[in-house]
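Remarks on the overall topology
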Amino acid sequence: MIIQAFLRWVETARTGDRARAANALGRAYARAEMNGLDRHAAEMAMTFLLDDPSPRVRLALVEALADCPTAPRAVVRALAEDQPEIAFAAIARSPVLTDADLVDLAARGTAETRALIAARGAVSCSVAAAIAEIGDEEEVSILLENTGAVLLQGSLRRIVYRLGHAASVRDRLLARADLPSDARHALAEKIGAALSASGLVQAVIGSARVARVTREACDATALAMTAVASPNDLSQLVAHLRETGRLTPAFLMSALCSGATEFFTLAVADLSGLAEKRVRSILSGGRVHSIRALFQSAGLARDISQAFADAVLYWQAQAGEGEPASLAALLERLRRNPSSTSASVAELVERLGFAEQRQVARDYALLASRQAACRTDAPPRNSRLPHSAPGH
């Protein structure tokens, strides 16, 4: 009876009075100050208020219900689709909205709606995936900053491919420890592409050199990732590099020469289509003919496969003797080998040799710089103050 009287009163009451009554009704419901019959009647009254012509009334109602875990979902869902100032409170705060509700709101709502969903205290993997798929830079940046958001690797990869060109998104992605290696390398390629497209960079060092430098930087980044990637992550990185055309003979030889044997094995298995166990067996103890056949099945030309076989045999011999393998010694061996005299092999060996010399020079310069800094910071030996000299 009280609710019926309330509904009759609402029809003639002023806007301010209706807003205060709606808020009081919502707060009473949220505080469970009603019995079962009254709660049902209150739900009917709140449903009626959803059609109130004044947004002040609906705003007062949503402010009372936004944090209530037992609020009627149908009422809250309707308020979440109301005018922005009303919907925002329900979207940002209500615990009764399901993942399906939030995904639907993200798909049909505005950028502001998706930003509010991304900033919620807890964002499930399905809701995060929806925002990763359709969100723009600002919404995705908010999602990446939210420690309560559950982002699976698939969602992170999708963000990389959709928005990796955006600096704000890219920086937040690179700061994440759970970013997969293949996605991290894809970001490095996007950075390289951005530098290559820069008119200033092209004017300073030339477009041809820019392309070479960015390619070498991306290759170096990929090799560095192989040292810290997990086994599953390493397989994903191999697949990514194959799909992007990065598993070139030069890159594979660099991986072999740098000691990234696990990555090299997975790459050869991926390219050849052979079982990983079979590839490991051939690389660790196979003869030259089986090794060459393995590399040819991976798509390498005959002369290139011979060079790879020589490199593998060299690493086998060094491992058998318990001595560390030397890249310089391997390159010298390839230069002198009569079977490695083709133009393609000579170019490959020369590129690797230049890269090795440049790396040695960088390491030497870095060591010299550190030593100079240490000498500068260290106090001079046997130094005396003027007043401590004898006879003074």
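Computed from a predicted model, the values in this text were never measured in an experiment.

What counts and how
Residues numbered from 1 in each chain as written. Predicted model: local features only at pLDDT ≥ 70, side-chain atom pairs only at ≥ 80, totals over all residues. Heavy atoms only, no water. Helix = DSSP H or I, 4+ residues; strand = E, 2+ residues; numbered from the N terminus. Buried < 20%, exposed > 50% of the residue type's maximum accessible area, 1.4 Å probe, protein only. Axes fitted to C-alpha atoms, helices over the stretch in contact; angles between N-to-C directions. Contact = heavy atoms within 4.5 Å. Nonpolar A, V, L, I, M, F, W, Y, C, P; charged D, E, K, R; others polar. pLDDT = per-residue confidence, 0-100. Salt bridge = Lys/Arg side-chain N within 4 Å of Asp/Glu carboxyl O. Phe/Tyr/Trp six-rings, centres within 6.5 Å; stacked < 30°, edge-to-face > 60°. Lys NZ or Arg CZ within 6 Å of the ring centre and 35° of its normal. Polar contact = N/O pair within 3.5 Å; in protein donor to acceptor, adjacent residues only side chain to side chain.

Scanning the protein from N- to C-terminus turns up 23 helices and zero strands. Across the 392 residues in the protein, those meeting the buried criterion constitute 41%.

Our next topic: the packing of helix H17 (residues 249-257) against helix H18 (residues 261-272). Two quantities define a packed helix pair, namely the angle between the axes and the distance from one axis to the other. Here H17 crosses H18 at 145°, and the two axes come no closer than 9 Å. Between H17, through Phe251, Leu252, Ala255 and Leu256, and H18, the contact on the second element is made entirely by Phe263, Phe264, Ala267 and Leu271. Residues that form the contact of H17 with H18 fall into these classes: eight nonpolar, no polar and no charged.

This next bit is on the confidence of the model for the protein. Detailed reading of predicted coordinates is not advised where the pLDDT is low. Residues of the protein with pLDDT of at least 70 account for 78%, and the chain-wide mean is 83. A low-confidence stretch, residues 383-392 (pLDDT under 50), is modelled with two contacts involving residues beyond four sequence positions or located in other chains.

Attention shifts here to the pattern of salt bridges. Considering all chains together, one arrives at 21 salt bridges under this definition. Glutamate 145 is paired through a salt bridge with arginine 172; the nearest N and O atoms lie 2.6 Å apart. Highlighted residues: glutamate 145 in helix H10 (residues 137-145) and arginine 172 in helix H12 (residues 167-174), separated in sequence by 27 residues. Judged by relative accessible area, arginine 172 falls into the partly exposed class, the value being 26%. One network of salt bridges, in which partners are shared, links Arg73, Arg77, Glu81, Asp101, Asp104 and Arg108.

Another point: the packing of aromatic side chains. Under the criterion given, the structure shown has four aromatic pairs. Ring geometry for phenylalanine 264 versus phenylalanine 308: centroids 6.3 Å apart, planes at 10°, classification stacked. On the criterion of sequence distance, the pair formed by phenylalanine 264 in helix H18 and phenylalanine 308 in helix H21 (residues 302-321) is long-range, its members being 44 residues apart. Of the two residues, phenylalanine 264 and phenylalanine 308, both sit in the buried class. Measuring from ring centre to ring centre gives 5.2 Å for phenylalanine 295 and phenylalanine 308, while their planes differ by 50°; the resulting arrangement is tilted. Of this pair, phenylalanine 295 sits in helix H20 (residues 288-297) while phenylalanine 308 sits in helix H21, placing them 13 residues apart in sequence. The buried category is assigned to phenylalanine 308, whose relative accessible area is 0%. Sitting over the ring of tyrosine 29, arginine 39 keeps its end group 3.9 Å from the ring centre.

The next subject is the side chain of aspartate 52. When you line up the elements, aspartate 52 lands in the loop between helix H3 (36-49) and helix H4 (55-65). Taking relative accessible area as the criterion, aspartate 52 reaches 7% and is therefore assigned buried. A distance of 2.8 Å separates the side chain of aspartate 52 from the side chain of arginine 18, its partner in a polar contact. When neighbours within four sequence positions are excluded, aspartate 52 is seen to be in contact with Val10, Arg18, Val57 and Arg58.

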